[in-house]
Amino acid sequence: MERKAGYSSSALSAAASGDRLPSLALTKAYVGACGGDQEAWTITWNALRADLDNKTHDGQAPGRRPPRVRLNRRVLRFSALLVALGVTGAATLGLFREGVLFQPAASTAGETKRGRPPGAAFNAVAGPSCPRDTTRSVRIEGMSGRNGWKDARSSGWTGAGCKDSFLFSELAYDARAETQARNAFQWRFTTGLRGPRQCTLMVYVPKSGLAGQRVWYTVRDGFDEEARTVGEFTLDQRVWQGRWVSAPVPLIVTSGLVTVEITDTGRDNTTGNQAMAAGPVRLSCP
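Residues numbered from 1 in each chain as written. Predicted model: local features only at pLDDT ≥ 70, side-chain atom pairs only at ≥ 80, totals over all residues. Heavy atoms only, no water.

Participant: Give a description of the nonpolar core that names residues and reports values.
Facilitator: With 40 residues, the main nonpolar core has Trp-187, Phe-189, Leu-201, Tyr-217 and Ile-262 as its most contacted residues. Examining the composition of this core, we find that four residues originate from one element, strand 6 (residues 197-205), more than from any other. Every residue in contact with Ile-262, bar those within four places of it in the chain, is listed here: Trp-149, Asn-183, Ala-184, Phe-185, Trp-187, Val-215, Trp-216, Tyr-217, Met-276, Ala-277 and Ala-278. By size, the runner-up hydrophobic cluster in this structure holds 18 residues, among which are Leu-12, Ala-15, Tyr-30 and Val-31. (Core = buried A, V, L, I, M, F, W, Y, C linked by side-chain atoms within 4.5 Å. Buried < 20%, exposed > 50% of the residue type's maximum accessible area, 1.4 Å probe, protein only. Helix = DSSP H or I, 4+ residues; strand = E, 2+ residues; numbered from the N terminus. Contact = heavy atoms within 4.5 Å.)

Structure representation (structure tokens):
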């Protein structure tokens, strides 16, 4: 990142620290190194700079500035977005080791039984065998007949009202086919929260040999396919069977609607004996 940005690691770290608003030049270099939209970030930076200047001088005696905490709230939000951009870009490019990308959640089961995690304004678990209401639901797209999503039992987890079952897809890739089969599964959350929120996502991998593929997860800020992607990561389900896993990227969502999606096209199942599983997923937002 130093080579791409042309700044030292200490300068880049300071830009995302939240202590103060970084310069526009440093911000653009950071964003460019992460593959972000420099023009969009320039607009955001200018708006924040103008807002901070207005707050500094509006109604203040000469030489005075608002309390430091009021300034830091805006700068911290800007810095959190920078961090999210950097981590998402690195994860998408596969720059992390698998052991770093995913850390097991040691006490997830206990927290679920006790209820909402401390400080969470929104907390819900969605899944194919979990309760569905105005805050959590699922959407299933599958090939008809034997190639669609199939029911299985013994997921190994039954918290939050979920039953001991899950769905799996086991499409096999056919290089000769003109149109490839496609099974997609979505977890949908309606948080009811306004404004940017840094949410956390956890995925439970069913305790079954049917969870046997490396699966790509996409998280979007909305229910439409055109909604902004706020996170992408891979999870090798064979490694994490029977465990909750934390997503490796912070999710900055603004719309109050969150979609988590996985898709099976059979490309990782050329032998025809591997499946991907869809079980419970938890979203928590402060």
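Following the structure, the description resumes.
Participant: Lay out the side chain of Thr-218 in plain terms, naming residues and giving numbers.
Facilitator: Structurally, Thr-218 is set in strand 7 (residues 214-220). A polar contact is formed between the side chain of Thr-218 and the side chain of Trp-216, at a distance of 3.3 Å. Discounting chain neighbours no more than four positions away, the residues touching Thr-218 are Thr-229, Gly-231, Glu-232, Thr-259, Val-260 and Glu-261. (Polar contact = N/O pair within 3.5 Å; in protein donor to acceptor, adjacent residues only side chain to side chain.)

Participant: Explain the state of the cysteines to me, and be specific about the residues and the numbers.
Facilitator: Under the counting rule described, the total for this entry stands at two disulfides. For Cys-130, the disulfide goes to Cys-162, at an S-S distance of 2.0 Å. Note on the Cys-130 and Cys-162 pair: the S-S dihedral is about 105 degrees, so by sign convention the disulfide is right-handed. Here Cys-130, found in the loop between strand 1 (122-126) and strand 2 (136-141), pairs with Cys-162, found in the loop between strand 3 (150-153) and strand 4 (165-169); they are 32 residues apart in sequence, far enough to count as distant. Taking relative accessible area as the criterion, Cys-130 reaches 6% and is therefore assigned buried. With a relative accessible area of 4%, Cys-162 lands in the buried category. Two residues share a disulfide in this structure: Cys-199 and Cys-285, whose sulfurs sit 2.0 Å from each other. Taking the sign of the S-S torsion, 110 degrees for the link of Cys-199 and Cys-285, the bridge is right-handed. Residue Cys-199 is found in strand 6, and its partner Cys-285 is found in strand 13 (residues 281-285); the two are separated by 86 residues along the sequence. Exposure remark for Cys-199: the relative accessible area of 1% places this residue in the buried category. With cysteine numbering restricted to those in disulfides and following the sequence, the chain has the pairing 1-2, 3-4. (Disulfide = S-S within 2.5 Å.)

Participant: Account for the packing of aromatic side chains, with residues named and values stated.
Facilitator: Applying the stated criterion to the full structure yields eight aromatic pairs. Judged by centre distance (6.1 Å) and plane angle (35 degrees), the ring pair of Trp-157 and Tyr-204 falls under tilted. Highlighted residues: Trp-157 in the loop between strand 3 and strand 4 and Tyr-204 in strand 6, separated in sequence by 47 residues. For Tyr-204, a relative accessible area of 4% puts it in the buried group. Centroid distance Trp-157 to Trp-244: 5.1 Å. Interplanar angle 85 degrees. Geometry classified as edge-to-face. (Phe/Tyr/Trp six-rings, centres within 6.5 Å; stacked < 30°, edge-to-face > 60°.)

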